[in-house]
Amino acid sequence: MFKNMIVYRIAPQWQVELTQVEEALAKAPFMECGATQEKSLGWVPPRGDAHGPLAESVGGQWILRFMVESKVLPGSVLARRVKEKAERIEQETGRKPGKKESKELKDEAKLDLLPMAFTKQGSMWVWIDTASRLLVLDTSAQGRADEVVTLLVEALPGLSVSLINTQTSPQAAMSHWLKEQEPPVGFTVDRECELKSATEEKAVVRYARHPLDIEEVQAHIDAGKLPTKLALTWDDRVSFMLTEGLQIKKVAFLDTVFEGTKADDGGFDTDVAIATGELSKLIPDLIEALGGEAESGVASAAQAVATGATPGAALQAAVPAAPRGKDVAGRAVTGPATAPVDTDPDSAPF
């Protein structure tokens, strides 16, 4: 649970009960693809119980699960079927299909093949921390996260979120930690990183299972290569990979987390309690290590509420910085003006 994380801040004006979330998600349950349906998506019970609730609360933490199913139709198979159809038309009429007709043949071929295609499924854990006003998605692919956030905003009236945006960029912070060998308080630098040149050559240097407190790493940084990934450990309890886009990958809970638990203590509630208990402490510590949260969009509204401003003033604080052309009143606000690039979307679990 939560092997990767993209973290959003929830605007302070959003106040709902768990029952309201359940009712909203029930309008879009997951159903398997029909015979000629290429893709299906929706919500499933997080516990895996048939007909169970679609929104669970464990220790005050809300857990949802999003499911996608798609048909696998190799391009070569589709092309062969289109070619067969085109050759049949040429034999029967003596002419080759035109551009428009070829497109129609492709659509026909896809409908013919979809009932026989294999299906693949992927799921994503969604965690809503109402106390800290965080929305956490178990993915490292920004495009997939945007899709789920859009569906949540459409389903849950008044929901407005923004990607966490820090005062210091992760790339600048990682460069400092590596060059000066000064990790932030509570964190240690592990033995994996990726450095990439900003020049046209885009030269990349990767270290795996290798000490990083060496002059060679510092020389690469001096030469203009910047870290895009860096392995860290927080409080000797959670290891992870931080990316330049503030995505958190390869989350792993260390043995110290499980001290005092028994071998048969597994199960949904225990897994959720452990994951949310540790990560709800790691996330604010990481934000602090990156200079704190930038005061823009949803973050500035949250700050206004924290300092005692009126609700109206808090909402106004969020309005000026609505990035990517969307407003704050019940619409998706997805963080920095430029969203992080999906550097390796195929490795994501969803």
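In the block above lies the structure referred to throughout.
Bear in mind the structure is a predicted one, so any value in this text is a computation, not a measurement. (Residues numbered from 1 in each chain as written. Predicted model: local features only at pLDDT ≥ 70, side-chain atom pairs only at ≥ 80, totals over all residues. Heavy atoms only, no water.)

Enquirer: Tell me what's going on with the nonpolar core, and back it up with residues and numbers.
Expert: If you look at the biggest cluster of nonpolar residues, it comprises 43 residues, and the most contacted ones within it are Phe240, Leu279 and Leu286. Residue contributions to this core peak at 9 residues, all from helix 7 (residues 268-289). The contacts of Leu286, once residues within four sequence positions are left out, are Phe187, Phe240, Leu242, Leu246 and Ile248. (Core = buried A, V, L, I, M, F, W, Y, C linked by side-chain atoms within 4.5 Å. Buried < 20%, exposed > 50% of the residue type's maximum accessible area, 1.4 Å probe, protein only. Helix = DSSP H or I, 4+ residues; strand = E, 2+ residues; numbered from the N terminus. Contact = heavy atoms within 4.5 Å.)

Enquirer: Provide a residue-level description of the packing of helix 5 (residues 170-180) against helix 6 (residues 215-222), including the pertinent values.
Expert: The contact between helix 5 and helix 6 brings their axes to 9 Å, and the two run at 140°. Taken as axis vectors, helix 5 and helix 6 run oblique relative to one another. Helix 5 and helix 6 meet at a crossing whose hand is left-handed. Contacts from Ser175, Leu178 and Lys179 of helix 5 reach helix 6 at Val217, Gln218, Ile221 and Asp222. A per-class count over the contact of helix 5 with helix 6 returns 3 nonpolar, 2 polar and 2 charged. (Axes fitted to C-alpha atoms, helices over the stretch in contact; angles between N-to-C directions. Parallel < 35°, antiparallel > 145°, perpendicular 65-115°, else oblique. Left-handed = near helix turned anticlockwise from the far one by under 90°. Nonpolar A, V, L, I, M, F, W, Y, C, P; charged D, E, K, R; others polar.)

Enquirer: I'd like a rundown of the pairing of strand 4 (residues 61-72), residues and numbers included.
Expert: Counting buried positions along strand 4 yields 10 of 12 residues, so the element is predominantly enclosed. The pairing of strand 2 (residues 39-44) with strand 4 spans 6 bridges and is classified as antiparallel. In the sheet register, Leu41 faces strand 4, and the bridge partner there is Val68. Between strand 3 (residues 56-58) and strand 4, which follow one another and run antiparallel, lie 2 residues, and Gly59 among them has a positive phi close to 60°. When strand 4 meets strand 5 (residues 118-129), the two strands line up antiparallel, connected through 11 bridges. When the bridges of strand 5 are listed, Arg65 appears paired with Trp125. (Pairing = 2+ DSSP bridges.)

Enquirer: I'd like a description of the sheet that holds strand 10 (residues 225-234), backed by residues and values.
Expert: If you trace the 5 strands from one edge of the open sheet to the other, you get 9-8-10-11-12, paired in antiparallel fashion. Because the sheet does not close on itself, it has two edges, and the strands there are strand 9 (204-208) and strand 12 (248-253). For this sheet the average axis-to-axis angle between neighbouring strands, irrespective of direction, equals 15°. This element, helix 5, spans strand 8 (187-197), strand 10 and strand 11 (238-243) of the sheet and lies at about 75° to strand 10.

Enquirer: So what about the pattern of salt bridges? Which residues, and what values?
Expert: Inspection of every chain in the model, using the stated rule, returns 15 salt bridges. Between Arg47 and Glu56 there is a salt bridge whose closest N-O contact spans 3.0 Å. In this structure Arg47 comes out as partly exposed when scored by relative accessible area, which is 31%. Given the relative accessible area of 9%, Glu56 is considered buried. Where Glu192 meets Lys250, a salt bridge forms, and the shortest distance between an N and an O atom there is 3.2 Å. With Glu192 in strand 8 and Lys250 in strand 12, this pair connects stretches of sequence that are 58 residues apart. Residue classification places Glu192 among the partly exposed positions, given a relative accessible area of 27%. A residue is classified by how much of its surface remains accessible, and Lys250, at 52% relative accessible area, is exposed. (Salt bridge = Lys/Arg side-chain N within 4 Å of Asp/Glu carboxyl O.)

Enquirer: Talk me through helix 4 (residues 142-155); I want residue IDs and the actual numbers.
Expert: The terminal C-alpha atoms of helix 4 lie 20 Å apart, and with 14 residues this matches the ideal 20 Å at 1.5 Å per residue to within 8%. Listed in full, the buried residues belonging to helix 4 are Gln142, Ala145, Asp146, Val148, Val149, Leu152 and Val153. (Expected span 1.5 Å × (residues − 1).)

Enquirer: Give me the lowdown on the packing of helix 2 (residues 75-93) against helix 3 (residues 99-113), citing residues and values where you can.
Expert: Describing two packed helices takes the angle between their axes plus the distance from one axis to the other. Close contact between helix 2 and helix 3 brings their axes to 9 Å; oriented N to C, the two are set at 125°. Classified by the angle their axes make, helix 2 and helix 3 are oblique. Crossing angle aside, the handedness with which helix 2 passes helix 3 is right-handed. The residues of helix 3 that touch helix 2, namely those facing Val77, Leu78, Arg81, Val82, Lys85, Ala86 and Ile89, are Glu101, Leu105, Lys106, Glu108, Ala109, Lys110, Asp112 and Leu113. Across the contact of helix 2 with helix 3, the residue classes break down as 8 nonpolar, no polar and 7 charged.

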